[in-house]
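Inside the fold
Here is what each chain is made of, one letter per residue.
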Amino acid sequence: MKSLTNSRFSWPALLTENAAGIAFGGDYNPDQWPEDVWAQDIELMKRAGVNVVALGIFSWDRIQPTEDTWNFAWLDRIIAQLGDAGIAVDLATSTASAPMWLYKKYPQVLPVDKYGHTVHAGSRQSWRPTSKVFREFALEMCRQLALRYGNNPTVTSWHVGNEYGWNNRHDYSEDAAQAFTTWCENKYGTIDALNEAWGTSFWSQEVRSFDEVQLPYHMGADSMVNPSQQLDFERFGNDMLLDFYRAERDAIQSICPDKPCTTNFMISTDQCSMDYQQWAAEVDFVSNDHYFHEGESHLDELTCSDALVAALAQGKPWYVMEHSTSAVQWKPLNARKRNGELLRDSLAHVAIGADAINFFQWRQSRFGAEAFHSAMVPHAGEDSKLFRGVCELGSSLKTLSDAGLQGSTLKPSDTAILFSAASEWATRCETLPSKKLSHWHDVLAWYRGFEDAGARADVVPLANDWSDYSTVILPTVLVLSDSDTERLATFAKNGGRVIIGYATGLIDENFHIGLGGYPGAGNGLLRDMLGVRGEEFNILGDEDQAIKLSNGAQSVLWQNDISVRDDVDVLATYTGEAADDWELNNIPAFTRARYGKGTAYFVGCDLDRAAIANYLGEVLQTESVTTTNLLHTVRESENAVFDFYFARAETDLALVCLPQDAQVLIISSAQKSSDTDNSYALNRNGILITKRGR
Ligand code: GAL
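All values derive from a computational prediction rather than experimental measurement.

Calculation criteria
- Residue positions within a chain follow its written sequence, with the count starting from 1.
- Predicted model: local features are reported for residues with pLDDT of at least 70 only, side-chain atom pairs are reported and counted for 80 or more only, and whole-chain, interface and lining totals are derived from all residues.
- Hydrogens and water are ignored here; the side-chain numbers use all heavy atoms of the structure.
- Secondary structure follows DSSP: runs of H or I at least 4 residues long count as helices, runs of E at least 2 residues long count as strands, and numbering of each begins at the N terminus.
- Put simply, the radius of gyration uses C-alpha atoms, and a globule should come to 2.2 Å times the residue count raised to 0.38.
- Buried residues are those whose accessible area, probed at 1.4 Å on protein chains only, stays under 20% of the maximum for their type, while exposed residues exceed 50% and partly exposed ones sit between those limits.
- Every residue pair with non-hydrogen atoms within 4.5 Å of one another is taken to be in contact.
- Only the protein chains shown count as cover for residues, with accessible areas throughout obtained via the Shrake-Rupley method and a probe of 1.4 Å.
- Positive residues here are Lys and Arg, negative ones are Asp and Glu, while His and the chain termini are left out of the count.
- The location of each charge is read from NZ of Lys, CZ of Arg, CG of Asp or CD of Glu.
- What goes into a patch is any residue over 30% in relative accessible area without a salt bridge, connected to like charges within 9 Å or, for nonpolar side chains (Val, Leu, Ile, Met, Phe, Trp, Tyr), within 5 Å.
- Take a side-chain nitrogen of Lys or Arg and a carboxyl oxygen of Asp or Glu: if they are within 4 Å of each other, that pair is a salt bridge.
- Per the annotation, domain bounds derive from an automatic or database assignment of domains.
- Throughout, the accessible surface (probe 1.4 Å) given up by two parts as they are put together, summed over both, is called the buried area.
- We call a set of buried Ala, Val, Leu, Ile, Met, Phe, Trp, Tyr and Cys residues a nonpolar core when their side-chain atoms join them within 4.5 Å.
- The rule for pairing is simple: two strands pair if DSSP sees at least two bridges between them.
- Where helices are involved, their axes are fitted lines through C-alpha atoms of the stretch in contact, as for all axes, and angles between N-to-C directions lie from 0 to 180°.
- The arc in question is formed by the directions pointing from the helix axis toward the C-beta atoms.

Overview of the overall build of the protein chain
- Assigned secondary structure in the protein chain consists of 18 helices and 26 strands.
- Against the compact-globule benchmark of 26 Å for 694 residues, the protein chain has a radius of gyration of 26 Å, which places it among compact chains.
- On the principal axes, the C-alpha backbone points of the protein chain span a range of 80 × 75 × 45 Å.
- A total of 694 residues make up the protein chain; the buried ones form 60% of that total.
- Put simply, 73% of the contacts in the protein chain that link residues at least 6 apart link residues at least 24 apart.
- In the form shown here, the protein chain has an accessible surface area of approximately 27600 Å², with 47% of it arising from carbon and sulfur atoms.
- Within the protein chain, the 93 negative side-chain charges are centred at a point lying 5 Å from the centre of the 57 positive side-chain charges.

Quick look at a negative patch on the surface
- Where like charges cluster on the molecular surface, the negative patch consists of Asp 542, Glu 543, Asp 544 and Asp 608.
- Following the sequence through the fold, Asp 608 ends up in the loop between β21 (598–603) and α18 (609–619).
- Asp 608 gets classed as partly exposed once you look at its relative accessible area, which sits at 43%.

Side note on the domain arrangement of the protein chain
- For the protein chain, the assigned domains are domain 1 (23–172 + 257–407), domain 2 (415–620) and domain 3 (630–693).
- The C-alpha centroid of domain 2 is placed 38 Å from the C-alpha centroid of domain 1.
- The contact between domain 1 and domain 2 buries some 1600 Å² in all, and 60% of this surface belongs to carbon and sulfur atoms.
- Put simply, domain 1 and domain 2 have three salt bridges between them.
- Put simply, Glu 296 and Arg 448 hold a salt bridge, and the shortest N to O gap is 2.9 Å.

Some thoughts on the nonpolar core
- Of all hydrophobic cores here, the largest spans 181 residues; its most connected members are Leu 82, Trp 158, Leu 347, Trp 446 and Val 472.
- The biggest single contributor to this core is helix α10 (residues 298–313), with 10 residues.
- The contacts of Trp 446, once residues within four sequence positions are left out, are Ile 417, Ile 473, Pro 475, Ile 499, Val 603, Ile 612, Tyr 615 and Leu 616.
- Ala 179, Tyr 188, Leu 194 and Val 207 belong to the second-largest nonpolar core, a separate cluster that totals 19 residues.

Structural notes on the sheet that holds strand β7 (residues 287–289)
- Strand order in this open sheet of nine strands is β5-β4-β3-β2-β1-β9-β8-β7-β6, and the pairing throughout is parallel. Strand pairing shows two members of the sheet lacking a second neighbour, β5 (261–262) and β6 (264–265), which therefore form its edges.
- As paired strands, strand β3 (residues 88–92) and strand β4 (residues 155–159) are joined by four bridges and run parallel to one another. Following the sheet pairing, Asp 90 is matched in β4 by Ser 157.
- Strands β6, β7 and β8 (318–322) of the sheet are contacted by α10, whose axis makes an angle of about 130 degrees with β8.

So, helix α1 (residues 36–48)
- Restricting attention to buried positions, one finds in α1 the residues Val 37, Trp 38, Asp 41, Ile 42, Leu 44, Met 45 and Ala 48. With its buried residues spanning 165 degrees around the axis, α1 presents them on a single face. Turned more than 90 degrees off the buried face of α1, the exposed positions are Asp 36, Ala 39 and Lys 46.
- In the stretch just after α1, Gly 49 is the one whose phi turns positive, near 90 degrees.

Overview of unusual backbone geometry
- Following Phe 360, the chain continues to Gln 361 via a peptide bond in cis, the omega torsion being -5 degrees.
- Mapped onto the fold, Gln 361 is located in the loop between β9 (354–359) and α12 (385–402).
- Cis geometry marks the peptide bond from Tyr 518 to Pro 519, where omega comes out at -15 degrees.
- Residue position: Pro 519 is located in the loop between β14 (497–500) and α16 (525–530).
- Of note in the backbone geometry, Glu 163 takes a positive phi value of approximately 40 degrees without being a glycine.
- Assignment of secondary structure puts Glu 163 in the loop between β4 and α6 (174–188).
- Unlike most non-glycine residues, Glu 583 shows phi in positive territory, near 55 degrees.
- Inspection of the secondary structure puts Glu 583 in the loop between α17 (577–581) and β20 (588–595).
- Residue class for Glu 583 comes out exposed when judged on its relative accessible area of 66%.

Points about the sheet that holds strand β19 (residues 569–575)
- The strand order β12-β11-β13-β14-β21-β20-β19-β16-β17 describes an open sheet built from nine strands, whose pairing is mixed. The sheet is open, and its two borders are formed by β12 (458–461) and β17 (554–555), each paired with just one other strand.
- Relative to β19, strand β16 (residues 547–549) is paired through two bridges, and the arrangement is antiparallel. The partner of Leu 549 across the bridge, within β19, is Tyr 574.
- Of the strands in this sheet, β11 (415–419), β12, β13 (471–474), β14 and β21 are in contact with helix α14 (residues 439–452), which crosses β11 at around 170 degrees.
- Along the sheet, α18 contacts β14, β19, β20 and β21; its crossing angle with β21, the most-contacted strand, is approximately 160 degrees.

Okay, here's the thing in structure tokens:
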């Protein structure tokens, strides 16, 4: 695999002897507690093996209690105490949540929603990313912190903002409207180009000058926003926040150039706030917040999200900035983690390349909106299963550090599932053939299909260079530009295997449909590669109407009514009563075409993961696929190989036979199953981590 590098990469030091080790800790909010709790905090941190905390994320009002006064004394004291205890600080800019005095005196910084209502202060991120007034206050805070703590040896990294876009992703204020005009002008140059890209001849939307360009405000209950404009609005919001992040980072690094900056991304398989492929190039190390999805997909969802984070980190270690020890408090029903899941989730992140495991938060709040969110020290105190679990995790991470895991790299797969933020935004658009369409959903289904087949796949941004993989899969990559279609064609011509999903390549980057039959990407190039031509979609969405395929699979959402070229192999067709009823009988569902030295597959309908796993027999060129409950990943250093094994299923045992020279480092909820060979059985939440020589 091509080794990729991030030219900015720099990993934060710990306060250990050689500055190394796997980082372990959490968000720390000492300003929400009386100072006499701090000593106890630090004593418990030491007991748990905590070696870093993210400090001051929401402390702006404590640091700058009025416009003209600064109070660093408390921050000086806690940083000194942490430093004395050997605990490094990832110091926040504290700018995610501004003080009430600022909002009161400068209400012009407050965002506006699409209905024109002001978003009031009192929660977090109640500020316009495009407000010049707000930016000046935030940058002054960054400079003040950098001046005071830039040379402090306990502060080893900077935590810029917090989850950019959590509450101000879509701002419809006057400032935003003006900035959008400028953004459009920079992007399109001429108003004709914008009219062309947005297809404004539809519904009399043509604009004569950039002054007439507006934000996609609420236009009435049943109104439908121009999807091209909507997609640009998503890009614009991403760009404004990224610009804000850069300004904060630069304000710090102009004073303190040597310490790495990060900001915590929000990647999980139901979220796509930002186009993080762009953000990854602007952070010194990639960090992510991930909150578990309870239920049978728990572990697979976690590792699928992580696969994208790992791809963004480009072969470098990355940081779990937040996850939870147990329940959150922001879902309608907040499931807790069961025995072993705290350890299992944390080590699963490590298995996908994380070298830092942090939580939200250190001590569970007594008051405020997050009082019922779990933490490392729960309301029950240190004498609790949860705190004992935290200590167990601390000691496991130390074992892995001591064994030399830090800095080892995740072994890449030879298959890349391609992810595109624009496609995820586009599938959320309201005017598609089916509102059930979701890019992330289908990425996860393919990812799980691969895991079921015992063959892990990577999840890689479409914009990256994936040309060294042997197979690329594009599940519902709705948006395909001409140039991306050409990249695919070159890849296949050179011998690559391309798998195109049922709703891939239907629109270009402007949300224009490619003509001549589906999928129209690249002016027909994608159709050429596949040797298929679709005329209509058959949209269902109801389990009861599922359409069967000749290979035993079934489709419930979307089937393409296609014809195929003579030289194309038809691997399965639609069949049965429902197919008859919808006039799809014998229409090809899976096809394979030679293209140059490679192969182009078309999967003409949605499939569940079991059908995908079966289908992989063909793709992976094995007779049949034996499904497995075992997740296996590998991290490699110069002279060692670390194998990570996890039980994926809730009930069935997962079995693994270890190589003879494997030394067991961590074993949990697993036992040796045979005295004669080196095989182990993993139970629910089972973990086995081993080390062997290279
Ligand atoms: C994140 C946030 C944290 C905390 C956490 C709760 O979105 O960054 O501050 O609110 O969620 O799950």
